[in-house]
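# Architecture at a glance
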Amino acid sequence: MNYFETIGKRLPYRESNQYVDRLTEQAVEHAINRQQAAPSSARPRRWRYFAAAAVVTLLLAGTGVTYMATRTSPTATLQPADAPLDHFLNTISDDDAMLLTYYDVDEYPDYYE
Amino acid sequence: MTTTTEHTELVAMLADVERRNDGFRLLAKQYGRQLYWHIRRIVVAHEDAEDALQETYINIWNALGHFRGDAPLIAWVYRIATNEALRVLRRKTRLWQSVDDLAPVLTEQLCAQAESGTDAEVLFQQALLTLPTQQRIAFNLRYYDELSYDDIARITGKKPTAVKANYHYAKEKITRYLNEHAL
């Protein structure tokens, strides 16, 4: 059976040609009147895009500045050296500090003031 | 179908700002029914076709100033209509879903809206809905609108040879579907 010849180009919908013509006419007039009524309707939309882009740029810039300002150096997290032992270690040379590691804690010379 | 002279005259009217309104109305009169049914065959539901048709004419009107007349007018308006119909279909898809996955939804709408059709006509449309969307569009443009493969290629963005192949594959698939579900 050749379905294409039997069924042809008929569609199973009820809308008539007159109905479609009326629909088309309305769509056309709507398109013309829409454009004539609001020729600058594109402008507010463009301004919205610029405003959104500016807000995003400011947010990104603010985030970057905040990050740079609060970024700390690795050594900044160290505790300030103000304990007596720290004062002592600051006064001796590196070689002497190294020698201290060879002593048992009970053998440390008494250098504290 | 318009003659070459009528087509040239219409393009001239659309290019002339003074006569553009009349040219636009004439364009709608010449292609109105074709565009509606082309959209309707893609989206199935009348409400969606109405929505897509409205947007089609708005887009045609907005783009008239850019139409250079180097492509056939019919291919140009059909391309806008096809894009609007696909936009309506994409609105129905979920995240990660393709328009090709809408076949069950469209079939349901077909059964709900096919009030005046015979069983054979409904079955034929169901067979069409089993095709991938692009293949269905190519088939519709060739079978119902009798457009040339070159015009269909301009509308769909495919090569004419691909359109031809798509059309014949579609015909085979439809025939197979109808044989399997013969009444």
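In this report, the structure presented in the accompanying data block is examined. (Residues numbered from 1 in each chain as written. Chains lettered and ligands numbered in written order. Predicted model: local features only at pLDDT ≥ 70, side-chain atom pairs only at ≥ 80, totals over all residues. Heavy atoms only, no water.)

### So, the packing of helix 7 (residues 133-143) of chain B against helix 9 (residues 160-180) of chain B
Residue and element names in this part refer to chain B. The interhelical angle for the contact between helix 7 and helix 9, taken along N-to-C directions, is 95°, at an axis separation of 9 Å. If you check the angle between helix 7 and helix 9, you find them roughly perpendicular. Of the residues in helix 9, those touching helix 7 at Gln135, Ala138, Phe139, Arg142 and Tyr143 are Asn166, Tyr167, Tyr169, Ala170, Lys171, Lys173 and Ile174. By residue class, the composition of the contact of helix 7 with helix 9 is seven nonpolar, two polar and three charged. (Axes fitted to C-alpha atoms, helices over the stretch in contact; angles between N-to-C directions. Helix = DSSP H or I, 4+ residues; strand = E, 2+ residues; numbered from the N terminus. Parallel < 35°, antiparallel > 145°, perpendicular 65-115°, else oblique. Contact = heavy atoms within 4.5 Å. Nonpolar A, V, L, I, M, F, W, Y, C, P; charged D, E, K, R; others polar.)

### Let's talk about helix 3 (residues 46-63) of chain B
The terminal C-alpha atoms of helix 3 of chain B lie 25 Å apart, and with 18 residues this matches the ideal 26 Å at 1.5 Å per residue to within 8%. Among the residues of helix 3 of chain B, those classed as buried are B:His46, B:Asp48, B:Ala49, B:Ala52, B:Leu53, B:Thr56, B:Tyr57, B:Ile58, B:Ile60, B:Trp61 and B:Ala63. (Expected span 1.5 Å × (residues − 1). Buried < 20%, exposed > 50% of the residue type's maximum accessible area, 1.4 Å probe, protein only.)

### Quick word on the side chain of B:Asp151
Residues and elements named next belong to chain B. Summarising the element assignment, Asp151 is placed in helix 8 (residues 149-156). Of note is the side chain of Asp151, whose polar atom sits 2.8 Å from the side chain of Arg154. With near-sequence residues (within four places) excluded, Asp151 lies in contact with Pro72, Ile74 and Ala75. (Polar contact = N/O pair within 3.5 Å; in protein donor to acceptor, adjacent residues only side chain to side chain.)

### A few points about the nonpolar core
Taken as a class, soluble globular proteins show a tendency for nonpolar side chains to be buried jointly. Ranked by internal contacts, the top residues of the largest apolar core, which has 76 residues, are B:Tyr57 and B:Phe124. A total of 12 residues in this core trace back to one element, the largest contributor, which is helix 4 (residues 73-92) of chain B. Setting aside its immediate chain neighbours within four residues, B:Phe124 contacts A:Phe4, A:Ile7, B:Phe139, B:Tyr143, B:Tyr144, B:Ile174 and B:Leu178. (Core = buried A, V, L, I, M, F, W, Y, C linked by side-chain atoms within 4.5 Å.)

### Let's talk about empty space enclosed by the protein
Applying the stated rule across the entire model yields three cavities of 30 Å³ or more. The volume enclosed by the largest cavity comes to roughly 50 Å³. If you go around the largest cavity, the residues you meet are A:Tyr13, B:Arg41, B:Val44, B:Leu110, B:Gln125, B:Leu128, B:Leu129, B:Arg136 and B:Asn140. For the lining of the largest cavity, the secondary structure elements donating two or more residues are helix 6 (119-129) and helix 7 of chain B. Among the elements that make up the lining of the largest cavity, the one with the highest residue count is helix 6 of chain B (three residues). (1 Å grid on protein atoms, 1.4 Å probe; cavity = no way out; pocket = protein on both sides within 12 Å on 5 of 7 lines; lining within 4 Å. Points joined across faces, edges and corners; volume = space filled by probe spheres on them.)

### Notes on the packing of aromatic side chains
This model, assessed by the stated rule, comprises 12 aromatic pairs over all chains. Between B:Phe24 and B:Tyr57, the aromatic rings sit 6.1 Å apart at their centres with planes inclined by 70°, giving edge-to-face as the arrangement. Pair noted here: B:Phe24 is in helix 2 (residues 20-43) and B:Tyr57 is in helix 3, with a separation of 33 residues, a long-range link. For the pair B:Phe24 and B:Tyr57, a shared accessibility class is recorded, and that class is buried. When the centroid spacing of 5.0 Å and the interplanar angle of 45° are considered together, the rings of B:Phe24 and B:Trp61 count as tilted. Of the two residues, B:Phe24 sits in helix 2 while B:Trp61 sits in helix 3, which places them 37 residues apart along the sequence. Given the relative accessible area of 0%, B:Phe24 is considered buried. B:Trp61 gets classed as buried once you look at its relative accessible area, which sits at 9%. An aromatic cluster of at least three residues, connected via ring pairs, comprises A:Phe4, B:Phe124, B:Phe139, B:Tyr143, B:Tyr144, B:Tyr149 and B:Tyr167. (Phe/Tyr/Trp six-rings, centres within 6.5 Å; stacked < 30°, edge-to-face > 60°.)

### Here's the deal with unusual backbone geometry
Residue and element names in this part refer to chain B. Backbone geometry at Trp96 places phi at a positive 70°, although glycine is not the residue there. Along the chain, Trp96 falls in the loop between helix 4 and helix 5 (103-113). A residue is classified by how much of its surface remains accessible, and Trp96, at 83% relative accessible area, is exposed. Within the chain, Glu146 stands out as a residue other than glycine whose phi angle is a positive 55°. Among the residues examined, Glu146 registers a relative accessible area of 52% and is labelled exposed.

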